[in-house]
There are 2 protein chains.
Amino acid sequence: MKRSRPLKRKTKPVEPKRVEPDAVDPRSVDDDPVVQGILTAISQKRLKPGAKLGEDKLASAFGTTRIHIRQALAHLGSRKVVMQIPNRGAFVYRPSWEEAQDIFAARRIIEVAAVAAAVDRLDKSGKAALKAHMELEARHDRNDRWASLSLTAEFHILVAKLAGNRVLLDMSRELMLRTSLAIATFEQPGEPDCSPDAHPDIGALILARDKAGAIHAMRHHIEEMEQRIRPKQDADEVDELTAIFKEIGARSRAGA
Amino acid sequence: MKRSRPLKRKTKPVEPKRVEPDAVDPRSVDDDPVVQGILTAISQKRLKPGAKLGEDKLASAFGTTRIHIRQALAHLGSRKVVMQIPNRGAFVYRPSWEEAQDIFAARRIIEVAAVAAAVDRLDKSGKAALKAHMELEARHDRNDRWASLSLTAEFHILVAKLAGNRVLLDMSRELMLRTSLAIATFEQPGEPDCSPDAHPDIGALILARDKAGAIHAMRHHIEEMEQRIRPKQDADEVDELTAIFKEIGARSRAGA
DNA sequence: GCGCCATAGATTGGCGCCAATTTAATGTCT
DNA sequence: AGACATTAAATTGGCGCCAATCTATGGCGC
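Rules behind the numbers
- Residues numbered from 1 in each chain as written.
- Chains lettered and ligands numbered in written order.
- Predicted model: local features only at pLDDT ≥ 70, side-chain atom pairs only at ≥ 80, totals over all residues.
- Heavy atoms only, no water.
- Core = buried A, V, L, I, M, F, W, Y, C linked by side-chain atoms within 4.5 Å.
- Buried < 20%, exposed > 50% of the residue type's maximum accessible area, 1.4 Å probe, protein only.
- Helix = DSSP H or I, 4+ residues; strand = E, 2+ residues; numbered from the N terminus.
- Contact = heavy atoms within 4.5 Å.
- Near = heavy atom within 4 Å.
- Polar contact = N/O pair within 3.5 Å; in protein donor to acceptor, adjacent residues only side chain to side chain.
- Domains from an automatic or database assignment.
- Buried area = accessible area lost by both parts, 1.4 Å probe.
- Salt bridge = Lys/Arg side-chain N within 4 Å of Asp/Glu carboxyl O.
- Nonpolar A, V, L, I, M, F, W, Y, C, P; charged D, E, K, R; others polar.

Caption draft 1: Expanded view of the nonpolar core. Val115(B), Val159(B), Ile202(B), Ile206(B) and Ile229(B) are the most contacted members of the largest nonpolar core, which totals 27 residues. Broken down by secondary-structure element, the contributors of at least two residues to this core are helix 4 (97-121), helix 6 (145-162), helix 7 (166-186), helix 8 (198-207) and helix 9 (211-226) of chain B. Ranked by residue count, the leading element in this core is helix 4 of chain B, at 8 residues. Aside from chain neighbours lying at most four places away, what touches Ile206(B) is Val115(B), Val119(B), Leu122(B), Leu130(B), Val159(B) and Ala214(B). One finds Val115(A), Val119(A), Ile202(A) and Ile229(A) within the second-largest nonpolar core, a separate group that totals 23 residues.

Structure representation (structure tokens):
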């Protein structure tokens, strides 16, 4: 509340040192271990949509204080990765069916443009990075579901990186995460997120600088993903315990 | 403040109350008056890139507590509208030259897709909304710089709304804000942000359902905006007072 | 027995205080 | 007189406490 301002100029027009910051370490909030942890847990589907993210639980889990957790959750809430409800807490975001479709539509637009730019800008280091990733995906352990999910996401991120546009890259990252949530919410049990052959095909087309082909393959790939999800008929079915015990209860009643 | 929820089925199996939230009022953090205030101040260029956003100042300005301001700044920091530097505070985000170009490139991609979808989905209410906005832009007071800036931004938001994709709409909103920051950072003094005839042209083409024409006009419009900005040669020149008083000081010294 | 109401427990939200760091100002030395 | 080091003020960051709200369990009336 004190507004006493010590006098400013005493001798000259002194030049007010540096009032504005520039060229500062652009380390974002995303580097926070709590944020990273929740993000990878979601992209690996170890955290399901609707899961409660209690502040105390997370604080003890990550070994930090509640305030730190609060900041991380607020950040994730701004990015629509978690849903924050006043006085009730934070939950892993569960997109609606319309929102899920919108996410795929947005990916179609952005990733088609990204793959086109990637073909245009492809250089030696880009080729090397792409080949390295394709090698990884070819040799990876298909039994490790978590590593699998991370790798398939990384391919799309890599294409966005090759496009050479930071803004587009950030949008792709966000869309990848929200796609994970959409798929986790509306997937049919047992189906993989990506068809296993799609990424090598797209990668080969990019390496061959076949722009039209790469665009077509990418669009087809995304449409294929989109066709794997189905709307949930009953919104209350999402309640795990109810869904699980509903038929069991019915069966036991029938048996008795 | 009471949110009594009328239960759905009350007779059948137990139904463990409600563990997971759904269909909750999706009122976002963006409705916060502090966030809205800073956002409109930025889009109207009353807050320039690099401006310090002190917590105490904002708290007394908005008549709230510092914690509330903190949350708002954290949210804006997550959206890259303000830049937060540890132990130094929050500043209005100032994009780099490369980032500014990336923003325009992203807008080219997204808004071209949005205008195409808008033509496809155009219906009666969409036509009415578009006509109403064009009327507003035609009759608005051109001397009111702040209203002008708000209106020109609203046109692009309206096109994104007509596209019928919430995800794309949110991205367009974010890109509009960041465009404001890019233009404010790199504009040549005295030039308007938008050429005055561009919006009526695009609107007419949408109303005529001329998809190819609308796409071309929108792309041209964005490229025209992009060509109005120029990189700043000296990074330190951004310090306003220094820049202003540098030549004055030199002249007075020469005169004396 | 079923549904409604009340109390207890748990969780989130907010405020104040104090420590840590940065920034501005003053004094001193060359 | 200019520049560096020291000191003082201001601002941000973090932690603990307490109030407000919501969830869950038990009791009561119909």
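Caption draft 2: How the structure looks around the protein's contact with DNA strand D. DNA strand D sits among 15 residues. The nearest are Thr65(A), Ile67(A), Arg88(A), Glu55(B) and Arg66(B). The sugar-phosphate portion of DNA strand D accounts for 69% of its atoms within 4 Å of the protein, the bases making up the rest. Between Arg66(B) and DNA strand D, the recorded distance is 3.2 Å, taken from a side-chain N or O atom to a base oxygen. In this structure, a phosphate oxygen belonging to DNA strand D sits 3.3 Å away from a side-chain N or O atom of Arg70(B). Counting only elements with at least two residues in the surface near DNA strand D, the list comes to helix 3 (66-78) of chain A together with helix 3 (66-78) of chain B.

Caption draft 3: Quick peek at the domain arrangement of chain A. Residue and element names in this part refer to chain A. Taken as a whole, chain A is organised into domain 1 (29-92) and domain 2 (97-226). Here the C-alpha centroids of domain 1 and domain 2 sit 25 Å apart. Regarding the contact of domain 1 and domain 2, the summed buried area is about 1200 Å², with carbon and sulfur atoms giving 63% of it. Between domain 1 and domain 2 we count 1 salt bridge in total. Across the pair Glu187 and Lys45 runs a salt bridge whose closest N-O atoms are separated by 3.4 Å. Our count for the contact surface shared by domain 1 and domain 2 stands at 2 residue pairs in polar contact (both at pLDDT 80 or more). Partitioning the side of domain 1 that touches domain 2 into residue classes produces 5 nonpolar, 2 polar and 4 charged.

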